Structures are given as C-alpha cells and as structure tokens.
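Residue-level structural notes
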Amino acid sequence: GEEAARRLQWRLQEYGIDPDAYRDRMTALRRARKEEVLIHRVVVENDSKLADEVIRERLGVAEGAVIDLDELRSRIELVYGLGYFEMVTYDLEKRGGENVLIVRVVRKAWGPVYARFGVQVHSDFRGNSGFNLGSRILFTEVNAYGGEWVTDVQAGDYNLLRTSFYQPLDKRLEWFVEPRVQYSV
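Being a predicted model, the structure only gives us computed values, none of them experimental.

Criteria and cut-off values
- Residues numbered from 1 in each chain as written.
- Predicted model: local features only at pLDDT ≥ 70, side-chain atom pairs only at ≥ 80, totals over all residues.
- Heavy atoms only, no water.
- Buried < 20%, exposed > 50% of the residue type's maximum accessible area, 1.4 Å probe, protein only.
- Helix = DSSP H or I, 4+ residues; strand = E, 2+ residues; numbered from the N terminus.
- Arc of directions from axis to C-beta.
- Contact = heavy atoms within 4.5 Å.
- Axes fitted to C-alpha atoms, helices over the stretch in contact; angles between N-to-C directions.
- Parallel < 35°, antiparallel > 145°, perpendicular 65-115°, else oblique.
- Left-handed = near helix turned anticlockwise from the far one by under 90°.
- Nonpolar A, V, L, I, M, F, W, Y, C, P; charged D, E, K, R; others polar.
- Pairing = 2+ DSSP bridges.

Among the residues of helix α4 (residues 52-59), Val-54, Ile-55 and Leu-59 are the ones counted as buried. In a view along the axis of α4, the buried residues occupy a sector of 135°, so they form one face of it. Taken together, the buried residues of α4 touch β2 (41-46), α5 (69-80), β4 (85-95) and β5 (98-107). Just downstream of α4 lies Gly-60, where phi reads positive at about 70°.

Contact pair α4 / α5: the axes reach a minimum separation of 8 Å and the direction vectors enclose 135°. Classified by the angle between their axes, α4 and α5 sit oblique to one another. In the packing of α4 onto α5, the handedness of the crossing is right-handed. Here Ile-55, Arg-58 and Leu-59 of α4 come into contact with α5, specifically with Leu-72, Arg-75, Ile-76, Leu-78 and Val-79. Taken together, the residues that form the contact of α4 with α5 break down as 6 nonpolar, no polar and 2 charged.

This brings us to the pairing of strand β11 (residues 180-184). Burial analysis of β11 places just 0 of its 5 residues in the buried class, which makes it a mostly uncovered element. Pairing of strand β9 (residues 160-168) with β11 involves 5 bridges; the strand directions are antiparallel. By the bridge assignment for β11, Arg-162 is matched with Gln-182.

Further remarks concern the pairing of strand β8 (residues 148-156). In the sheet, strand β7 (residues 129-139) pairs with β8 via 8 bridges, with the strands oriented antiparallel. Pairing of Ser-135 across the sheet is with Val-153, part of β8. Alignment of β8 against β9, held across 7 bridges, turns out to be antiparallel. The partner of Trp-149 across the bridge, within β9, is Phe-165. Hairpin remark: β8 followed by β9, antiparallel, with 3 residues in the connecting loop.

Set out below in structure tokens:
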C-alpha cells in the first residue's frame, strides 16, 4: 500500500496543498461547523426548591444572546454541578418564529435529607483504648437559594454537638453566611 502510493506520489501532488493553506482550510471548516443560535427566550422547568433565578444565573444565557452550542453544553454542566439535580437537559424549540431554550432540571429522587453514622474505635495496644459514636444529618434545599442545615452529634471519648446553617445571600451563590453553634466536652 505505502510503496504503491510512493510510486504514484507525482500524480497525487496535484491534489495536495501547502501546510499553511491546509491550516487555513481546517480553521474555516471548524468555523463553519460551529453552531451558533440566537436565544430569544429562556424557559426553566424546575421541580426542585431551588429558585429559577439561581438556575438562570448559573446558566448565564441572556435572552437575546447568541450562543455557541458547545458553550451551551458547558453551561448546562455548570447547572448540574450545583449538586441538587439528578438530571439537567435542554431543548431548543422554534415557537412563533423565536428560538426558545428550555432547560429542564430534575430534582434528585433521593434526599433532601441525608444521614451518616459512624463508629470509631482506637487502641494503643497498651491498655488504652476508646471509642466514639457519631452521626451527621444534612438538610439540603432548605430554601430557594439552596440553604443547608448540618448537625453533628458524637458521643464517647469526645462528646460533640454542632449545628450550622449555610445560607447563600445572592442568586449567583457567591456570598453566604454560615452561623455555627458548637458544644464539646
């Protein structure tokens, strides 16, 4: 195969192009394949407690914006990355001559309350040993901005009672407060 092609190389050269022209051609092809779409409206179909405005903000697609479909897919992954959803999908539909982006977020089938239990046993093999029993309860989706309440309880060699409340203050989830109370012995 290779040997036969080398013998006929003189005939194949007429179909070749120089490396710079090839690079320019490939760049043009990539640009032509890049799918961009004008988004007239964004609709969020949301069955979770998280506010639609939080999802819209994380999505970052403004109505009237032109967006590349690869970029849109990346932004959908950012919404999924919030951790509240089992699935995030999107559709682009034509409605009355407008491109409508429909983002569907499906709340996790498990939760929003999670419990964890643990046992810790330790020994130095010289007669000194001990144990701790612990649990953590996490309440997610406490409110529309994704507030979470966490309580830890531990009994044994080290006794602990701690509770905290994480509360985002803005729809971008950039600012938050997290008051905490702890008692330990």
